Amino acid sequence: MKDIYKVIVYFCILSSILVNKSLVLGGKVRHFKWEVGYIHWSPDGLEGVVLGINGQFPGPTIRARAGDTVHVELTNHLHTEGVVIHWHGIRQIGTPWADGTAAISQCAINPGETFVYRFEVDKAGTYFYHGHYGMQRSAGLYGSLIVDVAEGEKEPFLYDGDFNILLSDWWHSSSHEQEVDLSSKPMRWIGEPQTLLINGRGQYNCSLAAAYFSNSSVSQCNIRGGEQYAPQILHVHPNKTYRLRIASTTALASLNLAIGNHKMVVVEADGNYLQPFSVENMDIYSGESYSVLFTADQNPSNNYWISISVRGREPRTPQGLTILKYHPNSASKLPKSPPPVAPRWDDYNYSKSFTNKILALTGSPKPPTTYNRRIMLLNTQNLIDGYTKWAINNVSLILPATPYLGSIKFGLSNAFDLKTPPDHFSHDYDVMRPAPNQNSSYGSGVYMLSFNTTIDVILQNANALRENVSEIHPWHLHGHDFWVLGYGEGKFSKKDEEKFNLKNPPLRNTAVIFPFGWTALRFVADNPGVWAFHCHIEPHLHMGMGVIFAEGVGRVKKIPTEALGCGLTGKMLMNNVHK
Ligand SMILES: O=C1O[C@H]([C@@H](O)CO)C(O)=C1O
């Protein structure tokens, strides 16, 4: 009898240890129920139709802790369009079907249908989510995803409070019109955005800062505070330090952000800690996220501007503005000095000097010192039968009717081009001049990566169709972070390898290529799934600027049938049922 009693006591102690441990290790499940639909909304003072979630634009912010499971039950309330949502920066380890890429990781969710996204947020950081079907991101389908450190863990820096801003750009033409324009012959370019938005709020036909522009006809905004386009004010207390989380989901614009009179210390990028460095203003490209620390150490009787301005393309869009309000000033008290002046849009040396300061925090994971396979990716603008496209090694990506994850897993032939896309481009290609032959072809082939091998990718920029034009392209990789080993000018050559940073390269999921330059990345193909790698400029992806990587697909566990119910995998499921 006594022994049994002992066993019970032991059992109780043991199970309480296990339960506590699982609380620490396993995290919580965070449930969300979302409905996606078009709504009337006024992001910049002009009412239009926007893609919202639960009647809200931008969509609700997800906040979780590292190790938690996010569970989003997403119902498509659109009348005639499918939808998917990509969780940008979340690697989807073990859940590649939840990556939210139509035609790649899953079938689009049909009107009226519900799909459950369930995945672990394994790493603290600043992230966001957005539509990944057609140009639904441009239509406003996005929101923030913030992952705090696990219970009991600490960030490697201190702050008294945090803010979160999601940056975007806004057009008055609909995303549907833009899709048609871009796919027309000749292509009709979408032009520059009408307005820049901070947390979905901007001012089109008035300026918060009109009082400072004496020679301008722009009127002062008459905002009472309740308007959908009223700026979100950041409230600070004197001498406190704040963490500002910033993510950019712009369709096109590269941005420069500044807080008037305040220095910022950059500490995080794409969910990875950085060696802290101080700046007056910072660049942020579409697909990137950062955290900066700033101290409210200026004259507390004033308020200050927070501004975002276009870089890398001749700006035709006014600055996006909001106000840093010192307690207890009134929010309507305009800052004493005019909004910060951004560096010239084409001062690329300025941008490069910022980019080169981004290094991993001491103690961060280091890259393998050698690679198994090097893939050179030449970025060109091309014409295919008179249609303007972007191509990678002369292949412009078109997505197949059957999502790759299912078709590769089940070995379905004819689902996509079986010809492997090229690892190289011609040695004598002159990246500084328009191509003598501007033709290229469409393709849906896949770079099959051997599981657990180290992959180097050299992104090579080139002259676009017009002479002396080469554009910025921020490249985003799904399913992974990569180390950014270096940036360089002109054409990459083998000897550039000597300058690679293997000591403290930053880990990121998005990296920019500068005009006429190259960027070198390294990652380990250790996450079973099919992963898009593409330019995060929405119209450029629409015009074919991306490639597909696949690794270890045979190891992928049971893909939910809801992700497979279209194309050849849909037929396969039907045949199985009817057998
Ligand atoms: O893809 C693009 O097309 C235009 C221009 O090259 C042709 O109009 C532009 O600026 C892009 O980024």
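Since this is a predicted model, take the numbers as computed values, not measurements.

Topic: the environment of N329
Its place among the elements puts N329 in the loop between β19 (320-326) and α3 (348-356). Given the relative accessible area of 12%, N329 is considered buried. As a C-alpha pair, N329 and P300 span 29 residues in sequence and 8.2 Å in three-dimensional space. When sequence neighbours within four positions are dropped, the list of residues in contact with N329 reads P300, S301, N302 and N303. Only 3.0 Å separates the side chain of N329 from the backbone oxygen of P300, close enough to count as a polar contact.

A look at the sheet that holds strand β13 (residues 254-259)
What the five strands build is an open sheet, ordered β11-β19-β18-β13-β16; its pairing is mixed. A strand with exactly one partner marks an edge of an open sheet, and here the two such strands are β11 (234-236) and β16 (281-284). Mean inter-strand twist for the sheet, computed between neighbouring axes without regard to direction, equals 20°. Each of β16 and β18 (304-311) touches α3; the most contacted strand, β16, lies at about 90° to it.

Overview of the UniProt feature "domain: Plastocyanin-like" (unreviewed entry) in the protein
Within this numbering scheme, the UniProt entry marks residues 36-148, 162-328 and 422-552 as carrying the feature "domain: Plastocyanin-like" (unreviewed entry). Across residues 36-148, helical content stands at 0% and strand content at 45%; the span's end C-alpha atoms are separated by 26 Å. Taken end to end, residues 162-328 is 5% helix and 42% strand, and its first and last C-alpha atoms sit 18 Å apart.

Some points on the state of the cysteines
For the coordinates displayed, the defined rule picks out two disulfides. A sulfur-sulfur separation of 2.1 Å characterises the disulfide bridge that pairs C107 with C566. Taking the torsion about the sulfur-sulfur bond, which here is approximately -85°, the covalent link between C107 and C566 counts as left-handed. Placement of the pair is C107 in the loop between β5 (85-88) and β6 (114-121) and C566 in the loop between β32 (546-551) and α6 (567-578), with a sequence separation of 459 residues.

About the thresholds
- Residues numbered from 1 in each chain as written.
- Predicted model: local features only at pLDDT ≥ 70, side-chain atom pairs only at ≥ 80, totals over all residues.
- Heavy atoms only, no water.
- Helix = DSSP H or I, 4+ residues; strand = E, 2+ residues; numbered from the N terminus.
- Buried < 20%, exposed > 50% of the residue type's maximum accessible area, 1.4 Å probe, protein only.
- Contact = heavy atoms within 4.5 Å.
- Polar contact = N/O pair within 3.5 Å; in protein donor to acceptor, adjacent residues only side chain to side chain.
- Pairing = 2+ DSSP bridges.
- Axes fitted to C-alpha atoms, helices over the stretch in contact; angles between N-to-C directions.
- UniProt positions renumbered as here; feature names shortened; annotations may be inferred.
- Disulfide = S-S within 2.5 Å.

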